[in-house]
Each structure stands twice: as structure tokens, then as C-alpha cells.
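Coordinate analysis (summary)
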Amino acid sequence: MKNPFTKLIHHYTYDMRLKTKLVISHIILVLLPTAVLSGFLYLRIYGIVMDDSIRSEQALSAQTVTSIENLVSHVGHASDTITGAMMVQDLFQVPRSEANTLDISTSRMNSLFHLVQSITDHSMIMDVKIYYDDSVYGDLMQYNKIGNALFNPVSSISSSYWYGIFSTSEQTRLLCPELYLTPDETGKNGKLAYITRIPYIRDSGTVPDAENASAYVALYLSRPAFDMVLRNDATVTDEAAFLVNERDVIVSASDMGLAGKYFIPRSDLEQRIGKEKTFSLVSYLDGSAYVAYFPIADTDWYMMSIIPALHIADAGRALMMHFALIYLLFTALALYTAFRLSGSIADRIISVALQMETVRTGPPQPMDVADTGCDEIGVLSDTYNYMTEEIISLMDSQKKASDELRMAEFRALQAQINPHFLYNTLDMINWLSQTGQSEKVTEAVQILSRFYKLTLSRRELMNSIEKELEHVSLYVRLQNMRYDNCVAFVVDVPEELCEYTIPKLTFQPIVENAFLHGIMMKEEKKGSILLTGWPEGDDIVFIISDDGAGIPPETLDTLKDDVIAGTGSSASPRHTAFSGHIGIYNTNLRLKSLYGESYGLSITSTLGKGTEVTVRLPARHITSD
């Protein structure tokens, strides 16, 4: 008894087809080693890609920090320009005892207002205010101009958070977030502020009095300008960047919701992240993210940059997907080469053998080979093809005749539209003629003529709703003439819907089903059919309801299954016992084939009370269909 390995070797050596054997040999010798090597490289490259993605994000964050520092530097330069103006120095950098004795020049005051106006660009610097010590100075507000209230008393902002900070410290400059400002400041001036403190000069010389301020120069800034810079740093979904000051107040953010989600107190930064300017993986309640913090020069701010871990992983996976696609491309190329090489040796032999083998199960088939070659295999192939030429010719002739016969039968069946209805109507006309009711014969012939004219006119699949309503009304009139007006047919469709399109023979099979299997199944053989319609969004909905016998629950379930099951042109009802409803099934199938699965028919019925069929189709006007 051979062991499995020996049996496998024997099968490969003697039993396996030649072409398969050559391809497997190529895979073992070439593709298997390259697959192992590619797997090893994948693991190495994935780590490199992850590191490169983090470095790229780190460089982008560094650029964002530089942009923010440039904004702050611009604001600081503007503040220095104002505090360094001669008018400001002469007015406020004086001893407290001389503050209210200065002679203010109107021309120099106008120069100061012009300077402030040139600095206020309304894109970054929204407004400039000078809050003076009104306990010492007189009323400087008298120098304000219309539309530019530059001077304001310190008492007007004494309740602000920033004034409290200056009052309890010796700070000379302060970048204020919105929380530090009064509601009046944020509402009229700006959401952020850069405030510079101007101290009095001590009476003994030119040394500043750090404990007392003569004025504060406040530059109110546009927070959207900072937000925009931070949004440029947050390039993917759920990535965030925000500024925080030393008191853990969020100054600006690309997204305030994400800033609150990813916020880490300043005291915990080193413990949770590590050193600054380096991304570290930090765990949050709803996932992990790479987080880094960057100090902003000349401020008490730092920028937090957060990248969801999934984003970094996705970048690695995307590159690996490209790597895998390239590998698969080369694999396909290698397999193609293997098939070509094996084909040059084995294909012709295999083709002849397989073609000859088909004779056991059917007629011979010619070999589809463009070039059989000139060697012994080529001679064998040519001889085989020559032997089968006459047989194939005879079979093709027979098949062509059979196909033509089948097509003729199909066209005949296609042209046979409801023959029983036609026969019954003609019988009715014959009976009317025999009984001398010539006017009704004329009416019936005219109705029947118009009915089939609407059915067979032109070759388009579509009709207007107006003509389709006329068609089904003609059908009901003919049936009522036959069955002694047993059905009251009511159409309630808005006139504006008449110019929309509908597939031909949509209503008639449904009304026929209601007529024959609903009304005529009642004991009294009388009833009514209501056809209503209305627009619903981009769709049109029709309901055809009757007060007939209804459908038994088990029959209704089977009918619904058949209606739902019909999704393709080759679909057919699974329950032939209910072939009386084949018209509904085929109508639903046509609607779904034309418009998609969201359109078609739906059926509800109550035994003994009636049936309701809903038709949904898209609203398409004749002019645009």
C-alpha cells in the first residue's frame, strides 16, 4: 500500500494532464519562493509605511505651529508698534503724579488714530482698544472719533478675567482666549485678544512701576483665522488640532467637539504622551489615537495634534493593498507565461485528445486552432478537422432550420394577445348580431377595434397613462357587454398624470384578474373596481381595488412569493397551481425589469371583502422619456 505522498508523486508524474503538470511546476519553482519573500517584505514595509505616515503628520503639524507663531508674531509686532508710538509713550509712560497734567496735541492724536486704523485689517486684527487708568487720567474718551472708540476707561473692563490676571501678577503681555474676555468684548470686538500692559514710571527715574498700570493696549483678534490654520492641519475625518493655554483653556480648534473629546490636561501631557513634538499612541474610551503637543513660541500656548490610529493604519493598508495588487499582477503575468510555455508544448496534443473524446457523448466538433503547425501533431489536427467538416456542415444546416422554426413559433405566440378574450368577444358580437342588436354590434366592434389598436399600435414598449386608462376602460366595457354590466368601473386619476408614461398592458392584466377572479367569483356576480392614482415624490402610485371574493390567505402568500421572486427575464412563478394570476406576475416582472427592484406591484387581500393591488413606477414625462 503506497503512502499518500508516494501516491501524490505518482499522480503528478503519470496521471496529471501535461499542461497542468507544467503550470504546477512553474508555480512551485517560481511563485512559491516569491510569495514567501513578498510576505517577509510585507511585514517590513508595513512598519516603514506606518513610521513614514507618522513623520509626515509630524512635519505637517510643525508647519502648522510655524504658521500660528507667524500669526502671533504679526500681532505682537502690531502691538509693539502701537505701544512704541510717541503719542502712547508720552501719554502713558509717565510718573503717576504727572499723568493728568499732560498737554495733548490734536495732530499727534490724529496720527495715533491713523496708525491704529492702518493696523486694524479686520481679517486678523479686528479692533484696537486702549484702556486707561480713569482713576488718574481725565476723560480721554473725548478724543475718540466717530466709529473708532479707541480710548476706554479701565473701570469698564475691571470685571474681566484678564484684568484680574494683570492685577495679581507682573505680566506685561497676555494672549487671552474667549473665556478671559467680557461678553461685551467678545460681542463687539473679537473672540481673542493680545493685551499689553503699560506701567507708570516711578517718580525717582525711568524705572517702570510694575505694580501699577497706566493703560492696557488690547488688540482683538479673529479666532477663525487661527481655526483655519488648525483645520489645514486636520486633513482627515476625526483628526483634530487645537490650541490650549497654560490654564488648560481651549483657545482655538479645528473642531471644538473633537477638542473636548481628545483634551488632555497640561499636567498629564508628559505622563500620557511623553516628550513634546513626538507622536505617541494614546488610548481613549472610544479608541486609540496618535497624539503630540507642540509649544508655541513667545506664548503660554501649546498645540495638540491628534490623528486617529485607524487613519495611520489605513494609510499602511492602502500601500500594502497597492503592493498586493502589484504582486498579483506579476503573479498573473507569471501564470500567463506558464500557460503560454506549456501551451506551446502540450495544447495541441491535449486539444486533439479532448476533441476526439467528445465523440463518445455527441457529434464531433472541430478544433478551434488558428495554426496547427506543420509537424506530426499538426497533420493529425488537420486530418481530424477535415473528417468533421461535412458532419458539422450538415449539423449547422439542421440547427439553423430548427432555430428558424422556433423563432417563428415564438413570434406567433407573441402576437397572440389574450386569444380567449378575443374569441369570447367575437362570440358575443355574433350573438348580438343574431339577436338583431345591430347598434350594440357596431359599438362592440368599434370598442374592440380601438382596444386592439391601442394594444398593437407601433412597436414601443411605453404608452401614455391617458391611453393606458382608455385601453383598460375599453376592456371593461367589452366585458360588461358580455356579462350584462356586472362591474362598475371607476377611474380617479388626476389629469396632470395623463402626460406621463407607463409600460403597455400594465392595468389590463390586473383589472382582468379583479374581474374574473374577484367579481365573477362572487355569488351575485356583481361588484365594482376602482382605479386611483396620484404623484408621490418622484414616483407615481396607482391602486386597483375590487370588492370581489378576495384571495385565500395561503393562495395570497404563494402569490406574494411569486411576485417577490420574479427578478429577471428568465424568472417564472414557482407555483403553477395559481396560473390564473400569471398576468399579475408578468406585469410585476416587466416593471421591475424596466425600473428596478424598488418598483412593481404589491398585493393585499381579505377573503370575502376584496383585493387591492398597488402599482408603483417612476414619474417620467412623455417629453423626457
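What counts as what
Residues numbered from 1 in each chain as written. Predicted model: local features only at pLDDT ≥ 70, side-chain atom pairs only at ≥ 80, totals over all residues. Heavy atoms only, no water. UniProt positions renumbered as here; feature names shortened; annotations may be inferred. Pairing = 2+ DSSP bridges. Helix = DSSP H or I, 4+ residues; strand = E, 2+ residues; numbered from the N terminus. Axes fitted to C-alpha atoms, helices over the stretch in contact; angles between N-to-C directions. Contact = heavy atoms within 4.5 Å. Salt bridge = Lys/Arg side-chain N within 4 Å of Asp/Glu carboxyl O. Buried < 20%, exposed > 50% of the residue type's maximum accessible area, 1.4 Å probe, protein only.

The protein chain carries the name HAMP domain-containing protein in an unreviewed UniProt entry, which gives Enterocloster bolteae 90A9 as its organism. Quoted verbatim from the Subcellular location (unreviewed entry) heading of the UniProt record, the comment on the protein chain is "Membrane".

The next point concerns the sheet that holds strand β8 (residues 280-284). Paired through their backbone hydrogen bonds, the strands of a sheet run either parallel or antiparallel. Taken in spatial order, the 5 strands of this open sheet run β7-β6-β10-β9-β8, and their pairing is antiparallel. Strand pairing shows two members of the sheet lacking a second neighbour, β7 (250-253) and β8, which therefore form its edges. Each adjacent strand pair in this sheet contributes to an overall mean axis angle of 30°, direction not counted. In terms of strand pairing, strand β6 (residues 240-244) meets β7 through 3 bridges, oriented antiparallel. When the bridges of β7 are listed, Leu243 appears paired with Ser252. Its contacts with the sheet put helix α7 (residues 223-233) on β6, β7 and β10 (302-308), and the angle it makes with β7 is roughly 60°.

This part is about the pattern of salt bridges. Applying the stated rule across the entire model yields 15 salt bridges. The partner of Arg108 in a salt bridge is Asp90, and the shortest N-O contact between them spans 2.3 Å. Here Arg108 is found in helix α4 (residues 106-119), whereas its partner Asp90 is found in helix α3 (residues 86-92), with 18 residues between them in sequence. The exposure class assigned to Arg108 is partly exposed, which follows from its relative accessible area of 34%. With a relative accessible area of 32%, Asp90 lands in the partly exposed category. Here Glu443 ties to Arg477 by a salt bridge, and the two come within 3.0 Å at their closest N and O atoms. Here Glu443, found in helix α13 (residues 438-456), pairs with Arg477, found in helix α14 (residues 465-482); they are 34 residues apart in sequence, far enough to count as distant. Since its relative accessible area comes to 40%, Arg477 is described here as partly exposed. Via salt bridges that share partners, Glu178, Lys191 and Arg223 belong to a single interconnected network.

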